[in-house]
Amino acid sequence: MSRRLLLVNGPNLNLLGTREPEIYGADTLADVEALVERTAAAFGLEVRAVQSNHEGSLIDAIHAAREDCAAIVINPAAFTHTSVALRDALSGVGLPIAEVHISNVHAREEFRHRSFVSDIASCVIVGCGVQGYEFAVRRLAALLSD
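Predicted model only: the values in this text are computed from it and were never measured.

The rules we used
- Every chain is numbered independently, its residues counted from 1 as its sequence is written.
- Residues qualify for local features only when their pLDDT is at least 70, as the model is predicted, and side-chain atom pairs are given and counted only at 80 or more; totals for whole chains, interfaces and linings, by contrast, use all residues.
- Computation of side-chain values: all heavy atoms of the structure, hydrogens and water removed.
- Strands here are runs of E lasting at least two residues and helices are runs of H or I lasting at least four, both read from the DSSP assignment and numbered beginning at the N terminus.
- We compute the radius of gyration from the C-alpha atoms alone; for a globule the expected value is 2.2 Å times N to the 0.38, where N is the number of residues.
- All accessible-area figures derive from a Shrake-Rupley calculation using a 1.4 Å probe, and residue coverage is judged against the displayed protein chains alone.
- Charge counting follows a simple rule: Lys and Arg are positive, Asp and Glu are negative, and His as well as the terminal groups are ignored.
- Throughout, a charge is located at the NZ atom of Lys, the CZ atom of Arg, the CG atom of Asp or the CD atom of Glu.
- For this analysis, a polar contact is any N or O atom pair within 3.5 Å, provided that within protein one partner can donate a hydrogen and the other can accept it, and provided that sequence-adjacent residues contribute only side-chain to side-chain pairs.
- By definition in these notes, contact holds between two residues if any of their heavy atoms fall within 4.5 Å.
- Aromatic rings from Phe, Tyr and Trp, taking only the six-membered ring of Trp, are treated as a pair when their centres fall within 6.5 Å; an angle between ring planes under 30 degrees marks them as stacked, one over 60 as edge-to-face, and anything in between as tilted.
- Comment: the charge-over-ring label is applied if NZ (Lys) or CZ (Arg) is within 6 Å of the ring centre and within 35 degrees of the ring normal.
- By definition here, a helix of n residues has an expected span of 1.5 Å times n minus one.
- The buried label goes to any residue with under 20% of its type's maximum accessible area, the exposed label to any with over 50%, and the partly exposed label to all in between, with areas taken from a 1.4 Å probe on protein chains only.
- The directions considered for the arc are those from the helix axis to the C-beta atoms.
- When DSSP finds two or more bridges between a pair of strands, those strands are recorded as paired.
- Note on geometry: axes are lines fitted to C-alpha atoms, helical ones only across the stretch in contact, with angles between N-to-C directions running from 0 to 180 degrees.
- Handedness of a crossover is defined as follows: with both strands directed away from the viewer, a clockwise route from the first strand across the helix to the second makes it right-handed.

> What exactly am I supposed to notice about the overall build of the protein here?
Looking only at helices and strands, the protein features five helices and five strands. Tracing the protein from N to C terminus, the helices and strands come up as β-α-α-β-α-β-α-β-β-α. Taken over C-alpha atoms, the radius of gyration comes to 14 Å for the protein, in line with the 15 Å a tight globule of 146 residues would show. Along the longest, intermediate and shortest principal axes, the C-alpha atoms of the protein span 40 × 30 × 25 Å. Of the roughly 6,800 Å² that the protein leaves accessible, carbon and sulfur atoms contribute 49%. Of the charged side chains in the protein, 12 are positive and 18 negative, and the gap between their average positions amounts to 4 Å.

Encoded structure:
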């Protein structure tokens, strides 16, 4: 079995550290990727990271994960609430999924309360800041070791 995780970050997450720091904090996308890599390494896992503002690019990366990844950590960002196509891609690859949101989406605007991903995810982590990514890796590592 593969010992690789796919880390997927959706639209606007390339702006982490500068975009609405009062909501998303000061950590950058590079900081998030480094955190995920460090956490995964502790479990003997590798990481392939992808971020895109383009739905099709994310879908292509998810499809490719089918070949060489054991699980997916995803922050779909705005696509959480809009993309049936992203949901279908995640569902179609049949890998364990950890959905992560830096902010507590349930304490924000009403439209952010609906996720097209949550009901197919192995776990959903919201409102823990970037530490949520660490929790996601730890949870997927536990699932993979069962």
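> What's the story with the side chain of Ser 52 in this structure? I'm lost.
If you trace the backbone, Ser 52 turns up in the loop between strand S2 (46–51) and helix H3 (55–68). A distance of 2.9 Å separates the side chain of Ser 52 from the backbone nitrogen of His 54, its partner in a polar contact. Excluding residues within four positions of it along the chain, Ser 52 makes contact with Asn 9, Gly 10, Pro 11, Ser 57 and Leu 58.

> Looking at this structure, how should I read the packing of aromatic side chains?
The tally for this structure, following the rule as stated, stands at zero aromatic pairs. Stacked on the ring of Phe 116, the Lys or Arg Arg 114 has its end atom at 4.7 Å from the ring centre.

> How should I be thinking about helix H2 (residues 29–41) in this particular structure?
Side chains of residues three or four places apart in an α-helix project in the same direction, reflecting 3.6 residues per turn. If you check H2, its first and last C-alpha atoms are 18 Å apart, about what 13 residues at 1.5 Å a residue would give, namely 18 Å. All buried positions along H2 are accounted for by Leu 29, Val 32, Leu 35, Val 36, Thr 39 and Ala 40. Burial along H2 is one-sided: seen end-on, the buried residues are contained in an arc of 125 degrees. Away from its buried face by more than 90 degrees, H2 exposes Ala 30, Arg 38 and Ala 41. The secondary structure elements touched by the buried residues of H2 are strand S1 (4–9), S2 and helix H5 (131–145).

> In this structure, what is going on with H5? I would like to understand it.
Its 15 residues place the ends of H5 21 Å apart at the C-alpha level, agreeing with the 21 Å of an ideal helix rising 1.5 Å per residue. Taken residue by residue, H5 has Gly 132, Tyr 133, Glu 134, Ala 136, Val 137, Leu 140, Ala 141 and Leu 144 as its buried positions. Its buried side turned inward, H5 meets S1, H2, strand S3 (71–75), strand S4 (97–101) and strand S5 (123–126).

> Sorry if this is basic, but what is going on with the sheet that holds S5 here?
Pairing within the open sheet is parallel, and its five strands lie in the order S2-S1-S3-S4-S5. Pairing within the sheet leaves two strands with one partner each, and these edge strands are S2 and S5. Taken over all neighbouring pairs, the strand axes of this sheet differ in orientation by 15 degrees on average, direction set aside. Pairing of S3 with S4 involves three bridges; the strand directions are parallel. If you follow Val 73 over to S4, its bridge partner there is Ala 98.

> How should the pairing of S3 be read in this particular structure?
Looking along a regular strand, one sees side chains alternate from face to face of the sheet. With five of five residues buried, S3 is to be regarded as a mostly interior element. Neither face of S3 is open: one carries Ala 71, Val 73 and Asn 75, the other Ile 72 and Ile 74, and all of them are buried. Looking at chain direction, S1 and S3 are connected through five bridges and run parallel. Counted as the bridge partner of Leu 6 is Ile 72 from S3. In terms of handedness, the path from S3 via helix H4 (residues 84–93) over to S4 forms a crossover that is right-handed.

Read these as spatial facts, not as claims about activity.
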